[in-house]
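Residue strings, one per chain:
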Amino acid sequence: MSDARTRLDALPRVRLGFFPTPFVKLERLGRLLGGPRLFMKRDDLTGLALGGNKTRKLEYLFGEALDQGCDSVVTGGAAQSNHCRQTAAAAAATGLECHLALGGEPPESPNGNLLLDQLLGAEIHWCGDGRKGERIPEIAEGLRHEARRPYVIPYGGSNALGATGFVAAVRELQGDLKKERVEADHLVVASSSGGTQAGLVVGLDLFELHTRVTGIAIDKGETEGPTYESFLADLSNELAVSLGMPARYGTDEFLVRHEYLGLGYGVVGELEREAIRFVAEQEGILLDPVYAGRAMGGLIDLIRQGEFSPGETVVFWHTGGVPALFAHARDLGSQAPAS
Ligand SMILES: *Cc1c(COP(=O)(O)O)cnc(C)c1O
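(A) The packing of aromatic side chains, seen in detail. Counted under the stated rule, the structure contains five aromatic pairs. Between Tyr-228 and Phe-231, the aromatic rings sit 6.3 Å apart at their centres with planes inclined by 15°, giving stacked as the arrangement. One end of the pair is Tyr-228 and the other is Phe-231, both in helix H9 (residues 228–242) and three residues apart, which spans about a single turn. Over the aromatic face of Tyr-291 sits the side chain of Lys-54, whose NZ or CZ is 5.7 Å from the ring centroid. Positioned over the ring face of Phe-166 is Arg-56, at 5.9 Å from the centre of the ring.

(B) Representation of the packing of helix H10 (residues 270–283) against helix H11 (residues 292–304) in the model. Following both chains from N to C, one finds H10 and H11 inclined at 85°, their axes separated by 8 Å at the closest point. In terms of orientation, H10 and H11 fall into the roughly perpendicular class. Only Gly-293, Arg-294, Met-296, Gly-297, Gly-298, Ile-300 and Arg-304 of H11 make contact with H10, whose side of the interface consists of Leu-271, Glu-272, Glu-274, Ala-275, Ile-276, Phe-278 and Val-279. Of the residues in the contact of H10 with H11, the class split is seven nonpolar, three polar and four charged.

(C) Representation of the site of the ligand in the model. In the neighbourhood of the ligand, 16 residues make up the surrounding shell, with Lys-54, Lys-57, Ser-193, Thr-196 and Thr-319 lying closest. In the environment of the ligand, an oxygen atom lies 3.1 Å from a nitrogen or oxygen atom belonging to the side chain of Asn-53. The contact in question runs from an oxygen atom of the ligand to an N or O atom on the side chain of Lys-57, over 2.6 Å. Calculation on the ligand without its partners gives an accessible area of 380 Å², and the protein chains cover 98% of this total. At a threshold of 2 Å from the grid points, most atoms of the ligand map onto the largest cavity. For the shell around the ligand, the secondary-structure elements that each account for two or more residues are helix H3 (54–67), strand E7 (186–191) and helix H8 (195–206). Classifying every residue of the shell around the ligand by side-chain character gives two nonpolar, 12 polar and two charged.

(D) Representation of empty space enclosed by the protein in the model. What the rule picks out here adds up to one cavity of 30 Å³ or more. When its volume is computed, the largest cavity comes out at roughly 250 Å³. Together, 22 residues line the largest cavity, and Asn-53, Lys-54, Ser-192, Ser-193 and Tyr-291 are the ones closest to its centre. Those elements that provide at least two residues to the lining of the largest cavity are H3, helix H4 (82–94), E7 and H8. Here the lining of the largest cavity is composed, by residue class, of five nonpolar, 15 polar and two charged.

Scoring rules and cut-offs
Residues numbered from 1 in each chain as written. Predicted model: local features only at pLDDT ≥ 70, side-chain atom pairs only at ≥ 80, totals over all residues. Heavy atoms only, no water. Phe/Tyr/Trp six-rings, centres within 6.5 Å; stacked < 30°, edge-to-face > 60°. Helix = DSSP H or I, 4+ residues; strand = E, 2+ residues; numbered from the N terminus. Lys NZ or Arg CZ within 6 Å of the ring centre and 35° of its normal. Axes fitted to C-alpha atoms, helices over the stretch in contact; angles between N-to-C directions. Parallel < 35°, antiparallel > 145°, perpendicular 65-115°, else oblique. Contact = heavy atoms within 4.5 Å. Nonpolar A, V, L, I, M, F, W, Y, C, P; charged D, E, K, R; others polar. Near = heavy atom within 4 Å. Polar contact = N/O pair within 3.5 Å; in protein donor to acceptor, adjacent residues only side chain to side chain. Areas by Shrake-Rupley, 256 points an atom, 1.4 Å probe, with all protein chains shown as cover. 1 Å grid on protein atoms, 1.4 Å probe; cavity = no way out; pocket = protein on both sides within 12 Å on 5 of 7 lines; lining within 4 Å. Sits in = over half its atoms within 2 Å of the grid points. Points joined across faces, edges and corners; volume = space filled by probe spheres on them.

Okay, structure coming up:
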């Protein structure tokens with residue numbers, strides 16, 4: 001294991017965010033819900049152009065991009081992708097050109113993350129139905145034809161190298177827990193392209209913490225092919241091997257709750273609305289409508305169902321995404337039509 005920790009430290013990494021992020025106790029929320037002790041890891045405050053969990057992945061991905069002498073990066077996602085916004089900021093900070101393959105069509109007045117992508121100088125390639133970076137290879141190929149050196153970052157930054165950011169995050173968490181003199185029984189986190197959950201699970205093994213991760217699924221899996229859990233197992237095995245750890249992960253290691261998908265990715269329902277208002281009013285903390293709001297809605301429901309016992313400690317990992325609130329003003333404002 002010490003060998004794996006040495007490998008982790010030896011990887012090229014660009015400092016893009018401010019770490020450690022705050023680790024806070026949710027006193028009021030915990031009391032009101034009457035369940036386990038609640039803490040929050042504030043990765044909405046990673047600091048890179050309004051923050052978010054992708055900054056941790058991008059520190060390693062940009063480390064490799066600069067190491068390889070690349071002059072541009074290509075990635076993709078939904079029009080309101082937090083990953084794309086943080087990638088655009090990382091590219092600006094490191095002097096690389098940024099190309100984003102975004103789902104949808106150009107809107108009349110861009111807002112939320114898309115507005116920020118533009119302010120950060122990213123070049124946007126509109127991709128219609130393809131909101132998962134399907135056109136990334138084609139855009140990278142085009143750049144190579146122009147004798148450019150693009151660095152390709154997959155959807156969500158979720159390859160083994162990106163997920164490494166969350167292995168390192170567990171070491172940070174270990175320090176947070178020590179300071180607070182608590183042990184975490186559970187981590188609850190929004191899970192979508194998988195790098196966050198896979199990295200956390202491998203990191204918990206590497207740093208020998210006995211904490212169970214519950215991923216709240218944000219997006220429906222593909223209807224055919226491997227399940228999300230087997231994707232997480234494959235990614236974790238690849239990540240483990242890259243650090244010199246055994247590839248011992250099976251689907252059983254990954255607890256994913258699929259029952260909070262509502263009407264699908266990015267569709268704000270009562271679950272998200274209630275969770276966002278509740279946490280804003282009771283803690284003064286903003287959640288996003290697509291990821292952290294849904295994950296918190298899931299956590300609140302799991303607490304109400306008695307999934308965690310009162311003596312346990314649960315850490316909610318706030319993954320950021322707050323700029324998307326503004327793109328969902330119609331779904332969240334008090335004048336929103338009751339659904
Ligand atoms: C990308 C993202 C997630 C999910 O992380 P994955 O590593 O893709 O599973 C959660 N929350 C926010 C705000 C995100 O942008």
